[in-house]
Amino acid sequence: MSDERTAWGWGLASIDESGATLDAWYPELHLGDAPSESARPKHGFDGVSHEEPDARGVKRVPVFTVSQLDGEIVDAADAYLRLHLLSMRLAKPNTLNLDGIFAKLTNVVWTNYGPFAVENFAQRKLDVEAAAMRVNPGVPHAAVNVLSIDKFPRMVDYVVPTGVRIGDADRVRLGAYLSEGTTVMHAGFVNYNAGTLGTSMVEGRISQGVVVGDGSDIGGGASTMGTLSGGGKLRNSIGEHSLVGANAGIGISLGDNCVVEAGLYVTAGTKITVVDKAKKAAGKPFDVVKGADLSGKDNLLFIRNSITGGIEARQRKTGIELNAALHKN
């Protein structure tokens, strides 16, 4: 295995009373073979003692993790390292082995005080609030606020990439890959192992495994079909300077310079009439194909004919252009 397929780094793991790893944070990661112990940058983590659990029933433990990126995920610390690699832009979506990641991660109660175990949360919540009140009597922020219950935390609590804007941090999971110039609006969502490969506007949903090319726009309420729920292996993508219109969706890949009109959902089985100017001039019938036959093709406009109701694909010459000033992050 080449050096590039190994990654390593020091992290801090949160361990609950049962010994389960709730999370792991890596401030810095490296690709290649891990150096000898004496040559490792330690960030002071090696001096962190194994303290008693805090009021959450959680202790912070330093971990040194080496991950074989093509191999199976060994444990939660390994899983978190791979998610960090994606959000740190050290690995692009669909280049790491993430098979079985859900089985390696623990379901966690994510709060303003950090991760809690789901078991005994109500009692631990009381313990934390009581401890906070003893330190700062009567301070309103002593309350424990639950942000989510999930196996994946939000990205920005672990990695803050440069050159991006995120309207609602709760809607970007750790493991998202956001290139510089990306804007994720408040209703936008980016899953782990998914993201943008250049300047992009994200107002809709980028599902797991989906990548969006430079200069493309996912319109408000738009959806990109991923592989998590359906069980399929095909990973859809969007090329450069393409647009998925508001409340539209795709179950196929788009090439460069493509547009899906607002409100139109195109899947692999959708019957599409391919409008050909030469055939029209010659009085010949147009071809009718499935969406899968047009997957990944460049320079296409997908629309619904407002008279017949049929879905059509037409040739277009140029792609969309994003507002450069808006994406100068």
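As recorded by an unreviewed UniProt entry, the chain carries the name 2,3,4,5-tetrahydropyridine-2,6-dicarboxylate N-succinyltransferase and is attributed to Bifidobacterium subtile. A UniProt comment under Subunit (unreviewed entry) is attached to the chain, and it reads "Homotrimer." Comment text from UniProt for the chain, heading Function (unreviewed entry), reads "Catalyzes the conversion of the cyclic tetrahydrodipicolinate (THDP) into the acyclic N-succinyl-L-2-amino-6-oxopimelate using succinyl-CoA."

Draft legend 1. Representation of the UniProt feature "binding site: succinyl-CoA" (unreviewed entry) in the chain within the structure. What UniProt calls "binding site: succinyl-CoA" (unreviewed entry) maps, in this numbering, to Arg205, Gly220, Ser223, Ala246, Glu261, Ala262, Gly269 and Lys290. Their sequence span is 86 residues, while the largest C-alpha to C-alpha distance among them is 25.9 Å; these annotated residues do not converge on one region. For Ala246, the position within the fold is in the loop between β19 (243-244) and β20 (249-250). Ala246 sits in the partly exposed class, given a relative accessible area of 37%. In this structure Ala246 touches Gly219, Gly220, Ala262 and Gly263, once residues within four positions along its chain are discounted. The residue Glu261 is located in the loop between β21 (259-260) and β22 (265-266) in this model. Using a relative accessible area of 27% as the deciding quantity, one classes Glu261 as partly exposed. What Glu261 contacts, discounting residues up to four positions off in sequence, is Gly245, Ala248, Phe302, Ile303 and Arg304.

Draft legend 2. Structural view of the sheet that holds strand β7 (residues 146-150). In spatial order, the strands read β6-β5-β7; together these three strands make up an open sheet with antiparallel pairing. A single partner strand is all that each edge strand has here, and the edge strands are β6 (114-117) and β7. On average, adjacent strands in this sheet sit at an angle of 25 degrees to one another, irrespective of strand direction. Here four bridges tie strand β5 (residues 108-111) to β6, and the two strands are oriented antiparallel to one another. Following the sheet pairing, Trp110 is matched in β6 by Pro115.

Draft legend 3. Representation of the sheet that holds strand β17 (residues 223-224) within the structure. Strand order in the open sheet formed by five strands is β11-β14-β17-β20-β22, with parallel pairing between adjacent strands. A single partner strand is all that each edge strand has here, and the edge strands are β11 (189-190) and β22. Relative to β17, strand β14 (residues 205-206) runs parallel, the two sharing two bridges. Bridge pairing in β17 places Ile206 opposite Thr224.

Draft legend 4. Structural detail: the pattern of salt bridges. The tally for this structure, following the rule as stated, stands at 13 salt bridges. Two residues, Arg124 and Asp127, come together in a salt bridge whose shortest N-O distance is 3.5 Å. With Arg124 and Asp127 both in helix α3 (residues 121-135) and three residues apart, this pair spans about one turn of that helix. Taking relative accessible area as the criterion, Arg124 reaches 19% and is therefore assigned buried. Several salt bridges share partner residues, and in doing so they unite Glu17, Arg124 and Asp127 into one network.

Draft legend 5. A look at unusual backbone geometry. Its identity as a non-glycine residue notwithstanding, Arg89 has a phi of 65 degrees, on the positive side. Tracing the chain through its elements places Arg89 in the loop between α1 (76-87) and α2 (101-104). We note that Asn299 has phi near 60 degrees; this positive angle belongs to a residue other than glycine. Within the element layout of this structure, Asn299 appears in the loop between β24 (287-290) and β25 (300-304).

Draft legend 6. Expanded view of the domain arrangement of the chain. Considered domain by domain, the chain is made up of domain 1 (6-150) and domain 2 (155-326). Contact with domain 1, which involves 19 residues of that partner, is made by 23 residues of domain 2. For the domain 1 and domain 2 pair, buried surface summed over both sides reaches about 1,800 Å², with 58% attributable to carbon and sulfur atoms. Taken together, domain 1 and domain 2 are joined by two salt bridges. With a closest N to O distance of 2.8 Å, Asp150 and Arg173 form a salt bridge. Inspection of the region where domain 1 meets domain 2 yields ten residue pairs in polar contact (both at pLDDT 80 or more). Counting residues per element, the side of domain 1 that touches domain 2 draws most heavily on α1, at five residues.

About the cut-offs
Residues numbered from 1 in each chain as written. Predicted model: local features only at pLDDT ≥ 70, side-chain atom pairs only at ≥ 80, totals over all residues. Heavy atoms only, no water. UniProt positions renumbered as here; feature names shortened; annotations may be inferred. Helix = DSSP H or I, 4+ residues; strand = E, 2+ residues; numbered from the N terminus. Buried < 20%, exposed > 50% of the residue type's maximum accessible area, 1.4 Å probe, protein only. Contact = heavy atoms within 4.5 Å. Pairing = 2+ DSSP bridges. Axes fitted to C-alpha atoms, helices over the stretch in contact; angles between N-to-C directions. Salt bridge = Lys/Arg side-chain N within 4 Å of Asp/Glu carboxyl O. Domains from an automatic or database assignment. Buried area = accessible area lost by both parts, 1.4 Å probe. Polar contact = N/O pair within 3.5 Å; in protein donor to acceptor, adjacent residues only side chain to side chain.

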